[in-house]
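Listed here are the chains, written in short residue letters.
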Amino acid sequence: MKFEEYHDRDMLAIDVANVMAGRLENALFTHERATLVVPGGTSPGPIFDVLSGARLDWSRVDVTLTDERWVDESSDRSNGALLRRHLLVDRAAVATFKPLYRAGMDVDAGALDVSAALADHLPISVLLLGMGADMHTASLFPGADGLDDALAADAPVALPIHAEGQEPRISLSAHVLDSAMSKHLVIFGAEKRAAFERAVDMDPRNAPIAAVLEDLTVHWAE
Ligand SMILES: O=C(O)[C@H](O)[C@@H](O)[C@H](O)[C@H](O)COP(=O)(O)O
C-alpha cells in the first residue's frame, strides 16, 4: 500500500486523474476494453472534471460505480447523475456507462441483474474508491445488513446493502473491488486520514476499507 500526500486538493485531482488515465491507457494496450469503476459522494468530482478530458480511446471504456443509492437519476442523491454531469462529458462522453440503479426493480432484484450485467467486465481495470470517516467504502458500511455477505470470498458481484440512516444501497462486493488491477483511494482531511490509519489494523467487518488494502494507493490532501 502507498500513501501519497498532496499540497492541496487541486493538485491531488490533477495527479490522480493523470494516473488513472495512464492506467486506463495501459489496459487498452493489452485488452479490447477497459473497465473503470468510481465512487459517488463529494470527493471525486474534481478528479472526474480533469479525467473526462483525458486523451484516450474512451469508446473502449466501460464505466460503472462502486455503489449507488437506490434512487432514480432524477434524485440529487444519485451517483449515476453525478457521473453524467462530471465524468461522462468532454472526451469521456463516448464511454459506455453501466449504471447500477434499475428503475422498476427493488434493490434485491437489481443486485442480481447488475451482477449478471457486470460479470463479463471484470476484473476492474482502474478503481477509484472513497471512504467515510466511519471507514466505510463503496456502500460497505460497518454494521450494515448485507455487509457480511459482501465481504465473503464467494460474494456475488453486487449486493443489496441496508445501513442505518441510509436509503437502500447497491454495492460491489469487497472481493470484486479488491481484485482491481489498479486501485486508488481518495480521502481529504485529518479526520479521514486518522480513520484510515486506524482501519489498516482492523477487522473489515468494523472497517470495511480494510478489505481492499492490497496494492492500494491512498491519495490524501488536507
Ligand atoms: O455513494 C457514496 O456516497 C459513495 O460511493 C461512497 O462510497 C463515498 O465514496 C463515501 O461515502 C465517501 O463520500 P465523500 O467522498 O462524500 O466523503
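Residues numbered from 1 in each chain as written. Predicted model: local features only at pLDDT ≥ 70, side-chain atom pairs only at ≥ 80, totals over all residues. Heavy atoms only, no water.

Caption draft 1: A look at the nonpolar core. If you look at the biggest cluster of nonpolar residues, it comprises 79 residues, and the most contacted ones within it are Leu36 and Trp58. Per element, the largest residue contribution to this core is nine residues, and it comes from helix H1 (residues 9–30). Ignoring anything within four residues of it in the chain, the contact list for leucine 36 reads Met20, Leu24, Leu51, Trp58, Val61, Asp62, Val63, Thr64, Leu87 and Val126. (Core = buried A, V, L, I, M, F, W, Y, C linked by side-chain atoms within 4.5 Å. Buried < 20%, exposed > 50% of the residue type's maximum accessible area, 1.4 Å probe, protein only. Helix = DSSP H or I, 4+ residues; strand = E, 2+ residues; numbered from the N terminus. Contact = heavy atoms within 4.5 Å.)

Caption draft 2: Spotlight on the pattern of salt bridges. Per the counting criterion, the structure on display carries 13 salt bridges. Aspartate 113 is paired through a salt bridge with arginine 102; the nearest N and O atoms lie 2.5 Å apart. Linking aspartate 113 in helix H4 (residues 107–118) with arginine 102 in the loop between strand E5 (96–97) and H4, this pair joins segments that are eleven residues apart in sequence. Relative accessible area serves as the criterion here: at 31%, aspartate 113 is assigned to the partly exposed category. (Salt bridge = Lys/Arg side-chain N within 4 Å of Asp/Glu carboxyl O.)

Caption draft 3: Representation of the sheet that holds strand E1 (residues 2–5) within the structure. With parallel pairing, seven strands are arranged side by side in an open sheet as E1-E10-E9-E6-E2-E3-E5. Each edge of the sheet is formed by a strand with only one pairing partner; in this case those strands are E1 and E5. Sheet topology places strand E2 (residues 34–38) next to strand E3 (residues 61–65); five bridges connect them, and they run parallel. Bridge pairing in E3 links threonine 35 to aspartate 62. Packing against the sheet, H1 makes contact with E2, E3, strand E6 (126–129), strand E9 (182–188) and strand E10 (216–221), and its axis sits at approximately 155 degrees to E2. (Pairing = 2+ DSSP bridges. Axes fitted to C-alpha atoms, helices over the stretch in contact; angles between N-to-C directions.)

Caption draft 4: A look at a negative patch on the surface. A cluster of like negative charges, contributed by Asp145, Asp148, Asp149 and Asp154, occupies part of the molecular surface. Among the secondary structure elements, aspartate 145 is positioned in the loop between E6 and helix H5 (147–151). The exposure class assigned to aspartate 145 is exposed, which follows from its relative accessible area of 54%. (Patch = residues over 30% accessible without salt bridge, like charges linked within 9 Å, V, L, I, M, F, W, Y side chains within 5 Å. Areas by Shrake-Rupley, 256 points an atom, 1.4 Å probe, with all protein chains shown as cover. Lys, Arg positive; Asp, Glu negative; His and termini not counted. Charge placed at Lys NZ, Arg CZ, Asp CG, Glu CD.)

Caption draft 5: Up close: the site of the ligand. Taken together, 15 residues sit near the ligand, with Thr42, Ser43, Asp67, Ala138 and Lys192 positioned nearest. For the ligand, an oxygen atom lies 2.7 Å from a polar atom in the side chain of threonine 42. At 2.6 Å, a side-chain N or O of serine 43 approaches an oxygen atom of the ligand. Across the complex, the protein chains shield 89% of the 410 Å² of accessible surface that the ligand would expose by itself. Taken together, the residues of the shell around the ligand break down into three nonpolar, eight polar and four charged. (Near = heavy atom within 4 Å. Polar contact = N/O pair within 3.5 Å; in protein donor to acceptor, adjacent residues only side chain to side chain. Nonpolar A, V, L, I, M, F, W, Y, C, P; charged D, E, K, R; others polar.)

Caption draft 6: Looking closely at the UniProt feature "domain: Glucosamine/galactosamine-6-phosphate isomerase" (unreviewed entry) in the chain. Taking the UniProt record as the reference, the feature "domain: Glucosamine/galactosamine-6-phosphate isomerase" (unreviewed entry) is found at residues 8–220. Counting secondary structure, residues 8–220 comes out at 32% helix and 18% strand; the distance between its end C-alpha atoms is 9 Å. (UniProt positions renumbered as here; feature names shortened; annotations may be inferred.)

Caption draft 7: Representation of the side chain of histidine 184. Counting through the fold element by element, histidine 184 comes out in strand E9. Residue classification places histidine 184 among the buried residues on the basis of a relative accessible area of 3%. A distance of 2.9 Å separates the side chain of histidine 184 from the side chain of histidine 219, its partner in a polar contact. Leave out the neighbours within four places in its chain, and histidine 184 touches Val19, Leu127, Leu128, Leu129, Leu216, Thr217 and His219.

Caption draft 8: Here's a closer look at helix H7 (residues 190–199). Looking only at H7, the buried set comprises Lys192, Ala195, Phe196 and Ala199. Viewed end-on, H7 has its buried residues packed into an arc of 100 degrees, placing them on one side of the element. Tucked into the core, H7 has its buried residues touching E1, E9 and E10. (Arc of directions from axis to C-beta.)

Caption draft 9: Looking closely at unusual backbone geometry. Looking along the chain, the bond that leaves leucine 122 and enters proline 123 is cis, with omega of 0 degrees. Among the secondary structure elements, proline 123 is positioned in the loop between H4 and E6. The residue aspartate 90 is not glycine, and still its phi comes out positive at about 55 degrees. Assignment of secondary structure puts aspartate 90 in the loop between helix H3 (79–86) and E5.

Caption draft 10: Structural view of the environment of alanine 211. Structurally, the position occupied by alanine 211 is in the loop between H7 and E10. The exposure class of alanine 211 is buried, given its relative accessible area of 19%. Sequence separation between alanine 211 and alanine 174 is 37 residues; the distance between their C-alpha atoms is 6.2 Å. Once you skip the residues sitting within four places of it in the chain, alanine 211 turns out to touch Leu151, Ala174, Asp178 and Pro204.

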